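# Per-entry structural report
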Protein chains: 2
Amino acid sequence: MSGTTIRLHCPLPSDDGSVVLLGHGSGGRMTADLIRRIFLPALSNPALDRLNDNAELRASGVRLVFTTDAFVVSPLRFPGGDLGSIAVNGTINDLAVSGAHPLGLSAAFILEEGFPLDELRTLVDSMQRAARGAGVDIVTADTKVVERGKADGVFITTSGVGLVPDGVDLDPTRAQPGDAILVSGPIGDHGIAVLSAREGLRFDTTVVSDCAALHTLVAAMLASGGAIRCLRDPTRGGVATALNELAGSSRVEMLIDEPAIPVRNGVRAACEMLGLDPLYVACEGRLVGVVAAADAERVLAAMHAHPLGSEAHRIGTVYGQAAPRVLLRTTLGTTRILDVLSGAQLPRIC
Amino acid sequence: MSGTTIRLHCPLPSDDGSVVLLGHGSGGRMTADLIRRIFLPALSNPALDRLNDNAELRASGVRLVFTTDAFVVSPLRFPGGDLGSIAVNGTINDLAVSGAHPLGLSAAFILEEGFPLDELRTLVDSMQRAARGAGVDIVTADTKVVERGKADGVFITTSGVGLVPDGVDLDPTRAQPGDAILVSGPIGDHGIAVLSAREGLRFDTTVVSDCAALHTLVAAMLASGGAIRCLRDPTRGGVATALNELAGSSRVEMLIDEPAIPVRNGVRAACEMLGLDPLYVACEGRLVGVVAAADAERVLAAMHAHPLGSEAHRIGTVYGQAAPRVLLRTTLGTTRILDVLSGAQLPRIC
């Protein structure tokens with residue numbers, strides 16, 4: 001690692017509750033507070049109140065899912081991806097965790113005056129490579145421009161519409177005591193890849209983002225015939241926050257076995273050096289899943305046969321309904337509560 | 001009018017073709033150039049290539065439309081609306097011009113660190129009032145935060161999904177020689193309202209934005225039974241640009257009668273003072289429509305019976321297929337080509 005100064009944000013001290021802080025975009029507790037204080041009181045409706053990463057819409061008996069995400073990642077390029085690829089894959093994944101087949105994506109660009117058109121072309125090409133790789137089209141788009149200093153180069157908001165196949169129900173309320181908890185591969189690669197690019201950090205091995213579209217992995221898992229209860233992609237807030245969200249929705253307790261969680265050496269080393277916990281570092285091409293225990297091996301086998309699930313592991317068990325929370329059995333053998341992320345550990349990683 | 005200095009943007013001189021300019025967000029010729037140079041070569045697919053304000057998706061025999069728009073209006077509040085109401089109504093209107101029934105909206109917020117939460121609450125409340133008034137829910141949302149100085153308070157991107165009723169086809173290619181051209185009400189109110197708020201201009205009468213959701217007006221027009229060929233909401237680039245887009249898609253010539261175009265006195269006075277042409281000033285609650293001539297009176301009667309169409313007028317005729325263009329017969333009796341907007345007459349009005 002070079003001698004760079006590392007600027008990790010510590011936004012909490014200035015919070016008097018009156019203004020937006022970076023932590024409100026973390027995906028963790030502050031984001032949840034903002035949603036509860038500002039968004040839900042005004043916008044409340046059954047679809048939104050579920051606080052899922054997508055909403056189900058019904059049209060003439062057809063089950064659709066609909067999702068949106070703004071992408072403000074900085075820097076625009078990082079090992080393994082860029083703003084364009086993450087904008088496509090991130091939205092596909094928010095459809096995929098419902099088991100949906102993506103029908104089409106939209107893209108809305110907010111450009112800062114003076115942004116180089118060559119860089120824009122590179123990002124748009126990257127979006128198209130990601131979209132073509134996933135077999136999904138960007139079918140509608142919009143472009144706005146703001147004055148210099150009023151944005152940061154480019155922001156891209158993508159939305160997606162997907163079709164949920166008959167018989168598929170991956171509602172996050174469906175986890176049950178006894179179920180197995182799986183993760184599709186090593187965690188934290190994306191967050192560390194972006195942080196390294198942003199801060200100019202060098203490690204012995206370059207950490208490459210896991211940024212990928214997961215809908216074909218989900219289709220393979222469903223095709224295994226195993227009883228899959230629910231899935232989530234652990235982006236902002238990481239695996240810890242994703243599991244807490246599922247535990248909260250299903251009102252179950254989860255026990256996660258820390259030594260079973262796959263973490264690459266480069267991510268582990270970076271996290272130790274930077275004082276980060278990989279369980280809170282974002283992935284952009286991984287999912288966590290809750291599966292009937294009896295079917296766990298069958299679903300894992302289907303995952304292992306897919307390129308994006310070849311390092312899938314069982315990492316825990318749903319074991320009670322005492323309180324909706326997640327417990328971690330650490331490598332030391334102790335057990336502690338694994339809470340949602342507080343504040344903004346890594347701003348602008350997606 | 002007060003003695004304020006008026007800062008109208010003139011972005012053309014600095015264009016060496018290498019960077020984004022404000023005019024690229026104008027909705028006029030420069031936006032079209034950007035789309036042709038950057039977006040279409042990469043993203044080309046049949047739905048996007050139509051360059052409509054929405055895309056049709058088919059799912060199990062159901063016809064859906066899907067649309068997205070980023071809203072970067074400055075200032076956040078203006079007479080008759082704010083960023084919240086325009087974000088809801090603008091996206092509903094992009095569904096409405098296909099004759100679609102809106103099924104749900106998404107909202108993605110990009111917030112600048114330090115933005116007052118009270119202001120955010122006001123905008124979200126406004127979104128909900130607009131959504132409730134339109135009978136449409138915001139079913140899914142996302143929030144990102146960027147550092148101070150990296151955005152301008154708040155940007156909102158909304159997307160929408162709508163269901164197209166059986167038998168409805170308002171494809172912009174359907175205008176035919178002989179058809180009548182209608183406008184649903186006075187034009188340019190929105191653009192002048194935003195400009196006045198931004199520049200602190202005062203006129204004898206306050207110009208109030210026409211910002212409104214048009215789907216019930218469109219439903220009333222369809223219910224009249226008249227043969228409606230196509231509709232468009234004249235936002236960025238105004239009525240002139242919207243008509244040029246329809247003329248181009250249908251490959252027809254249009255003749256517009258300038259004295260027939262409804263323009264409020266306040267808008268006319270402001271345009272004269274500022275050197276603007278109301279035909280290029282954005283509306284956010286108006287539509288232009290092409291209708292079979294024999295049915296024009298019937299459709300106009302249905303519009304007049306609706307609060308948002310009470311000042312609808314016939315403004316012109318589709319009269320030939322020589323070349324896709326729009327001609328204007330002026331108040332002086334001369335005829336000239338009415339071109340699309342060049343550059344950025346009024347940046348950040350939506």
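It is worth spelling out the overall build of chain A at this point. Along the backbone of chain A there are nine helices and 14 strands. Its C-alpha atoms give chain A a radius of gyration of 19 Å, within 12% of the compact-globule value 20 Å for 350 residues. Projected onto its principal axes, the C-alpha positions of chain A cover 55 × 55 × 45 Å. When burial is assessed residue by residue, chain A has 65% of its 350 residues classed as buried. In chain A, once contacts between residues fewer than 6 apart in sequence are set aside, the share between residues at least 24 apart is 83%.

Right, let's get into the sheet that holds strand β2 (residues 62-71) of chain A. Residue and element names in this part refer to chain A. Across the sheet, five strands lie side by side as β1-β2-β7-β5-β6; this open sheet has mixed pairing. Edge strands, defined here as strands with exactly one partner in the open sheet, are β1 (55-59) and β6 (138-146). Neighbouring strand axes in the sheet, compared pairwise and without regard to direction, differ in orientation by 20° on average. Judged from the eight bridges that link them, β2 and strand β7 (residues 154-163) form a sheet pairing that is antiparallel. Bridge pairing in β7 links Phe 71 to Ile 156. Helix α3 (residues 83-96) contacts β2, β5 (101-112), β6 and β7 of the sheet and is inclined by roughly 150° relative to β2. Running at roughly 170° to β5, helix α4 (residues 117-134) makes contact with β5, β6 and β7 of the sheet.

All right, on to the relation of the copies chain B and chain A then. Screw-axis analysis of chain B against chain A gives a translation of 0.0 Å along the axis, an RMSD of 0.0 Å, and a rotation angle of 180°. Between the two chains, the operation in question is that of a two-fold axis. Across chain B, the rotation axis passes nearest the C-alpha of B:Ala151, at a separation of 2.0 Å. When the interface residues of chain B are mapped onto chain A, 99% of them again lie at the interface, so the same face is used by both copies.

Residue and element names in this part refer to chain B. Along helix α8 (residues 265-274), the positions that sit buried rather than exposed are Gly 266, Val 267, Ala 270, Cys 271 and Leu 274. Along the long axis of α8, the arc covered by the buried residues comes to 130°, so they all point the same way. When the buried face of α8 is taken as reference, the exposed residues oriented beyond 90 degrees from it are Asn 265 and Glu 272. Its buried side turned inward, α8 meets α5 (189-199). Once α8 ends, the next one or two residues include Gly 275, with phi positive near 70°.

In this section: the side chain of B:Thr91. Considering the arrangement of structural elements, one finds B:Thr91 in helix α3 (residues 83-96). Excluding anything up to four places from it in sequence, B:Thr91 contacts B:Thr67, B:Asp69, B:Phe71, B:Ile86, B:Leu105, B:Thr158, B:Ser159 and B:Gly160.

On to the interface of chain B and chain A, then. Taken together, the contact between chain B and chain A spans 80 residues of the former and 80 residues of the latter. Between chain B and chain A, roughly 6900 Å² of surface is buried when both sides are summed, and carbon and sulfur atoms account for 69% of that area. Among the residues chain B hides against chain A, the three largest losses belong to B:Val20, B:Leu117 and B:Lys144. Together they make up 10% of the total. The tally of links between chain B and chain A comes to eight salt bridges. The shortest N-O distance in the salt bridge between B:Lys150 and A:Asp152 comes to 3.9 Å. Our count for the contact surface shared by chain B and chain A stands at 23 residue pairs in polar contact (both at pLDDT 80 or more). Sorting the residues of the side of chain B that touches chain A by element identifies α1 (29-43), α2 (46-49), β1 (55-59), β2 (62-71), β5 (101-112), α4 (117-134), β6 (138-146) and β7 (154-163) of chain B as the ones contributing at least two each. If you tally residues by element for the side of chain B that touches chain A, the top one is β5(B), at 10 residues. Each residue belonging to the side of chain B that touches chain A can be placed in one class, and the counts come to 42 nonpolar, 20 polar and 18 charged.

So, on to helix α6 (residues 215-223) of chain A. All names here are of chain A. Looking at α6, one finds that the buried residues are His 215, Leu 217, Val 218 and Met 221. Here the buried residues of α6 occupy an arc of 155° about the axis, which is enough to place them on one side. Two residues or fewer after α6 comes Gly 225, characterised by a positive phi angle close to 85°.

Looking now at the side chain of A:Glu253. All names here are of chain A. Among the secondary structure elements, Glu 253 is positioned in strand β10 (residues 253-257). A polar atom in the side chain of Glu 253 sits 2.6 Å from the side chain of Arg 325. The contacts of Glu 253, once residues within four sequence positions are left out, are Thr 317, Val 318, Tyr 319, Gly 320, Gln 321, Ala 322, Ala 323, Arg 325 and Leu 327.

The next thing to look at is the sheet that holds β1(B). Residues and elements named next belong to chain B. Across the sheet, which stays open at both edges, the five strands sit in the order β1-β2-β7-β5-β6 with mixed pairing between neighbours. If you trace the sheet from one side to the other, it starts and ends with β1 and β6, each paired once. Neighbouring strand axes in the sheet, compared pairwise and without regard to direction, differ in orientation by 20° on average. As defined by bridge partners, β1 adjoins β2 across five bridges and the pair is classed as antiparallel. Among the inter-strand pairings, Leu 57 is bridged to a residue of β2, identified as Leu 64.

Under the definition given, this model contains 46 salt bridges over all chains. Here A:Glu56 ties to A:Arg63 by a salt bridge, and the two come within 3.1 Å at their closest N and O atoms. Connected via shared salt-bridge partners are A:Asp69, A:Arg236, B:Asp142 and B:Lys144.

So, on to the packing of helix α6 (residues 215-223) of chain B against helix α9 (residues 296-304) of chain B. Residues and elements named next belong to chain B. One way to put it is that α6 packs onto α9 with a least axis distance of 8 Å and a crossing angle of 145°. Of the two elements, α6 crosses α9, and the hand of that crossing is right-handed. For the pair α6 and α9, contact is made by Leu 217, Ala 220 and Met 221 and by Val 299, Ala 302 and Met 303, respectively. Taken together, the residues that form the contact of α6 with α9 break down as six nonpolar, no polar and no charged.

This part is about the domain arrangement of chain A. Residue and element names in this part refer to chain A. Segmentation of chain A into domains returns domain 1 (53-163) and domain 2 (180-337). Averaged C-alpha coordinates put domain 1 and domain 2 at centres separated by 23 Å. Taken together, the contacts link 22 residues of domain 1 with 21 residues of domain 2. Between domain 1 and domain 2 the total buried area reaches about 1700 Å² when both faces are included, carbon and sulfur atoms providing 63% of it. A per-residue breakdown of the area domain 1 buries against domain 2 is headed by Pro 79, Asn 93 and Val 97, which together make up 31% of the total.

Attention now goes to the packing of aromatic side chains. In total, this model carries four aromatic pairs over all chains according to the counting rule given. When the centroid spacing of 6.2 Å and the interplanar angle of 80° are considered together, the rings of A:Phe66 and B:Phe66 count as edge-to-face. Of this pair, A:Phe66 sits in strand β2 while B:Phe66 sits in strand β2, on two different chains. Each member of the pair, A:Phe66 together with B:Phe66, is buried. Consider the rings of A:Phe155 and B:Phe155, whose centres lie 6.4 Å apart with planes at 45°: the pair is tilted.

The next point concerns the environment of B:Val72. Here B:Val72 lies in the loop between β2 and β3 (77-78). Each C-alpha atom of the pair B:Val72 and B:Leu40 lies 23 Å from the other, and the pair is 32 residues apart in sequence. Discounting residues that sit within four places of it in the chain, B:Val72 has contacts with A:Ile110, A:Lys144, A:Val146, B:Leu83, B:Phe155, B:Arg348 and B:Cys350.

Thresholds, definitions, all that
- Residues numbered from 1 in each chain as written.
- Chains lettered and ligands numbered in written order.
- Predicted model: local features only at pLDDT ≥ 70, side-chain atom pairs only at ≥ 80, totals over all residues.
- Heavy atoms only, no water.
- Helix = DSSP H or I, 4+ residues; strand = E, 2+ residues; numbered from the N terminus.
- Rg over C-alpha atoms; globule rule 2.2 N^0.38 Å.
- Buried < 20%, exposed > 50% of the residue type's maximum accessible area, 1.4 Å probe, protein only.
- Contact = heavy atoms within 4.5 Å.
- Pairing = 2+ DSSP bridges.
- Axes fitted to C-alpha atoms, helices over the stretch in contact; angles between N-to-C directions.
- Least-squares fit on C-alpha atoms with pLDDT ≥ 70 in both.
- Arc of directions from axis to C-beta.
- Buried area = accessible area lost by both parts, 1.4 Å probe.
- Salt bridge = Lys/Arg side-chain N within 4 Å of Asp/Glu carboxyl O.
- Polar contact = N/O pair within 3.5 Å; in protein donor to acceptor, adjacent residues only side chain to side chain.
- Nonpolar A, V, L, I, M, F, W, Y, C, P; charged D, E, K, R; others polar.
- Left-handed = near helix turned anticlockwise from the far one by under 90°.
- Domains from an automatic or database assignment.
- Phe/Tyr/Trp six-rings, centres within 6.5 Å; stacked < 30°, edge-to-face > 60°.

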